[in-house]
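A closer look at the structure
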Amino acid sequence: MKKYSYYPGCTLHTSAKEYDMSVRAVFSALGVELIEIEDWNCCGALEVGIPLLAYALNARNLALAERAGFDLVVPCSACFYNLARTDHALRDEELRRRIGTNYARRIKVRHVLDVLANDLLDEIKMRVKRELSMRVVPYYGCLTVRPSDFGFDDPNHPESMDRLLSALGADVPKFPSKAKCCGGPILMTAEEVPLKMAGQILEEAKRVGADAISVACPLCHLMLDAKQPDIEEALGKEFKVPILYFTQLVGLALGIKPRKLGLHKNVVPAREVVEKVLRQARRTLSVGRAAACSKKRERLRDS
Amino acid sequence: MKEMTLYVDHAFREKIVSELGAERLLRCFQCSTCTVNCPISEFVDWNPRLVVEKCLLGLRDVLKEEGLWLCTSCQNCYEHCPQDVRFSEVILALRRLATEEIKAGRLKVGSTKPVFDECFLEMIAKYGRQYEAGLIRMFAKRSGLGFKLLLSFKGLGIRLLKKGKVALRPKKIKHIEEIRDIFRKFGGDRGEIGGYK
Ligand code: SF4
Ligand code: SF4
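Residues numbered from 1 in each chain as written. Chains lettered and ligands numbered in written order. Predicted model: local features only at pLDDT ≥ 70, side-chain atom pairs only at ≥ 80, totals over all residues. Heavy atoms only, no water.

Some remarks on the overall build of chain B
- Tallying secondary structure elements over chain B gives ten helices and zero strands in all.
- Sequence-ordered secondary structure for chain B, helices as α and strands as β, is α-α-α-α-α-α-α-α-α-α.
- When its C-alpha atoms are laid out on the principal axes, chain B stretches across 60 × 35 × 35 Å.
- When burial is assessed residue by residue, chain B has 50% of its 197 residues classed as buried.
- Of all intrachain contacts in chain B linking residues separated by at least 6 positions in sequence, the fraction that spans at least 24 positions is 63%. (Helix = DSSP H or I, 4+ residues; strand = E, 2+ residues; numbered from the N terminus. Buried < 20%, exposed > 50% of the residue type's maximum accessible area, 1.4 Å probe, protein only. Contact = heavy atoms within 4.5 Å.)

What follows is the structure in structure tokens.
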């Protein structure tokens, strides 16, 4: 069985519970084991302005993962940025000595999007139970893809989520805002700016006729989903665009029950798009069954 | 037009460049790629190229830039700079220098971001992980915003609570002493804050 270490990060236990639920459900459906590293600490998000402190906090997590012996899968893009940035900086032996870590860079830090779109795509395709019959725009945000010094996709025009969602049957239109900034990091200290920034992303999704936006970061999700009513109020517009973690969509395609994917935990209700996918899947199924039946009938008649 | 002579403050410029992350500052050739790619410069008065120029001239006023506290760390300036200046890292250096001035009582800023960051770090030093409810309470108190802050984020809080997405109790990691040790060694004066010595 394939195995990865898992670093959920603080938000996956609170505001991004449905991300945690859907990541775990998808990996278990694929028969890939995720082992949560023991006693991990906060990565410091974007609030640690002291590089050595940030490196030391993250080196502790990296060393814990290295002891477990598997590559480290990270769902939150801010955590991914911190862990990958530290791993990148620790190529420098002098720096490793300075912060006193025994981390030897024997494992890799991987965003969960990278792993699903690049390592496990064939496994996913083999197990698709329902086509994602919906129009969905992929939104990557910033730290999923930047800086490319330690990223896994194009920093301006990433493609991995596009490819993954298309492979699951979704209609994925061009979305120029896909790697724009949602403003999330300054939400608590300068609210009016991120409301406008996230508003532009929602507007563009509406313009291209999206049924939903697919995201890969808890902070982007919070900004676009839980803050969506405030954005609507600030801009005097109505959006009502469901914001789904891409793992919730992969899970739906794999036939996992919506509740197990935490689809009831999204603030902007996802019920309508989920129903659309399920309805279409039932229809395809019954068409398929009817076709199988008529074939059987023909065989019986011919014999 | 009135003429003005500008003297480069070499000492201050050196001070910035010697900060971790700002080593590449002198490579800047003022092309404005960072400014063009900066998402917040569309909404607020903030020009990354000009900020680099001020650093290069050693203008101490650069620490008064309000935009320093509005940067979202989106890494666009880092990514696109043809000279690999890594401006997003320079910002962290400038924030550190500004924080020193604030603490010494020589600088006042309008933004509550320095206070927020300090509370954020203190939570990590205390529990090893983030504890949002505690963070908001501490931030409301220390920023002086108090109820006003809680009120402006009431909607968000209720929505998250309804969905069971707020932790009501902190979770402390097992080996918290390792985190305290990291803060003591690398936290600067933050290593000594709030009694986590
Ligand atoms: S992009 Fe780089 S070289 Fe160009 S102005 Fe900005 S920091 Fe200077
Ligand atoms: S990291 Fe900050 S300064 Fe650089 S482009 Fe993003 S918001 Fe602008």
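Things to note about the site of ligand 2
All names here are of chain B.
- Every one of the 13 residues lining ligand 2 counts as a neighbour, but Cys38, Cys71, Cys74, Gln75 and Cys77 are closest to it.
- Every element with two or more residues in the shell around ligand 2 is listed here: helix H4 (76-80) and helix H5 (87-103).
- The biggest single contributor to the shell around ligand 2 is H5, with three residues.
- Of the residues that constitute the shell around ligand 2, the class distribution is eight nonpolar, five polar and no charged. (Near = heavy atom within 4 Å. Nonpolar A, V, L, I, M, F, W, Y, C, P; charged D, E, K, R; others polar.)

Here's the deal with the interface of chain B and chain A
- Residue-level contacts link 55 residues of chain B with 60 residues of chain A.
- The junction of chain B with chain A conceals about 5,100 Å² of combined surface from both sides, 62% of it contributed by carbon and sulfur atoms.
- Among the residues of chain B in contact with chain A, Arg159, Lys165 and Phe186 of chain B are the three that bury the most area, contributing 14% of the side total.
- A salt bridge links Lys165 of chain B to Glu18 of chain A, with the nearest nitrogen and oxygen atoms 2.7 Å apart.
- Between the two partners, chain B and chain A, sit 25 residue pairs in polar contact (both at pLDDT 80 or more).
- Mapped onto the side of chain B that touches chain A, the elements with two or more residues apiece are H4, H5, helix H6 (113-127), helix H7 (132-142), helix H8 (147-152), helix H9 (154-162) and helix H10 (176-186) of chain B. (Buried area = accessible area lost by both parts, 1.4 Å probe. Salt bridge = Lys/Arg side-chain N within 4 Å of Asp/Glu carboxyl O. Polar contact = N/O pair within 3.5 Å; in protein donor to acceptor, adjacent residues only side chain to side chain.)

Focus on the confidence of the model for chain B
Residue and element names in this part refer to chain B.
- Confidence in the prediction of chain B, expressed as mean pLDDT, is 93, and 95% of residues score 70 or more.
- Confidence over residues 192-197 falls short of pLDDT 50; this stretch has twelve contacts with residues more than four positions distant or in other chains.
- In the predicted assembly, ipTM is 0.94 and pTM is 0.94. (pLDDT = per-residue confidence, 0-100.)

With respect to the sheet that holds strand S2 (residues 33-36) of chain A
All names here are of chain A.
- Read across the open sheet, the four strands follow the order S2-S1-S3-S4; overall the sheet is parallel. Two strands close off the open sheet at either side, each with one partner strand: S2 and strand S4 (109-111). Ignoring strand direction, the axes of neighbouring strands in this sheet form an average angle of 40°.
- Both strand S1 (residues 3-6) and strand S3 (residues 72-74) contribute to a ladder of two bridges, which runs parallel. Paired with Tyr6 across the strands is Val73, a residue of S3.
- Together, S3 and S4 form the strand contacts of helix H3 (residues 77-89), whose direction differs from that of S4 by roughly 155°. (Pairing = 2+ DSSP bridges. Axes fitted to C-alpha atoms, helices over the stretch in contact; angles between N-to-C directions.)

A few points about the domain arrangement of chain B
Residues and elements named next belong to chain B.
- As far as domains go, chain B holds domain 1 (10-103) and domain 2 (113-186).
- Inter-centroid distance (C-alpha atoms) of domain 1 to domain 2 is 28 Å.
- Contacts between the two partners involve four residues from domain 1, matched on the other side by four residues from domain 2.
- Of all residues in domain 1, the largest losses of buried area upon contact with domain 2 belong to Trp69, Arg95 and Lys103, amounting jointly to 82% of the total for that side.
- The interface formed by domain 1 and domain 2 includes one salt bridge.
- At the junction of domain 1 and domain 2, the tally comes to one residue pair in polar contact (both at pLDDT 80 or more). (Domains from an automatic or database assignment.)

Some thoughts on the sheet that holds strand S7 (residues 243-245) of chain A
All names here are of chain A.
- Pairing is parallel across the open sheet formed by three strands, whose spatial order is S5-S6-S7. The sheet terminates laterally at strand S5 (136-139) and S7, the two strands that pair on one side only. The mean angle between the axes of side-by-side strands here comes to 30°, regardless of whether they run parallel or antiparallel.
- Pairing of S5 with strand S6 (residues 212-215) involves four bridges; the strand directions are parallel. Following the sheet pairing, Pro138 is matched in S6 by Ser214.

Quick word on H3 of chain A
- Across its 13 residues, H3 of chain A extends 18 Å between first and last C-alpha, which sits within 8% of the 18 Å expected from 1.5 Å per residue.
- With 13 of 13 residues buried, H3 of chain A is to be regarded as a mostly interior element. (Expected span 1.5 Å × (residues − 1).)

A few points about the packing of aromatic side chains
- Under the definition given, this model contains nine aromatic pairs over all chains.
- On the basis of an interplanar angle of 85° and a centroid distance of 5.9 Å, the ring pair of Tyr127 of chain B and Tyr131 of chain B is categorised as edge-to-face.
- Relative accessible area serves as the criterion here: at 14%, Tyr127 of chain B is assigned to the buried category.
- In textbook terms, an aromatic cluster arises when at least three aromatic residues are bridged by ring pairs, as seen for Phe116, Phe120 and Phe139 of chain B.
- Above the ring of Trp40 of chain A, the side-chain terminus of Arg129 of chain B is found at 3.5 Å from the ring centroid. (Phe/Tyr/Trp six-rings, centres within 6.5 Å; stacked < 30°, edge-to-face > 60°. Lys NZ or Arg CZ within 6 Å of the ring centre and 35° of its normal.)

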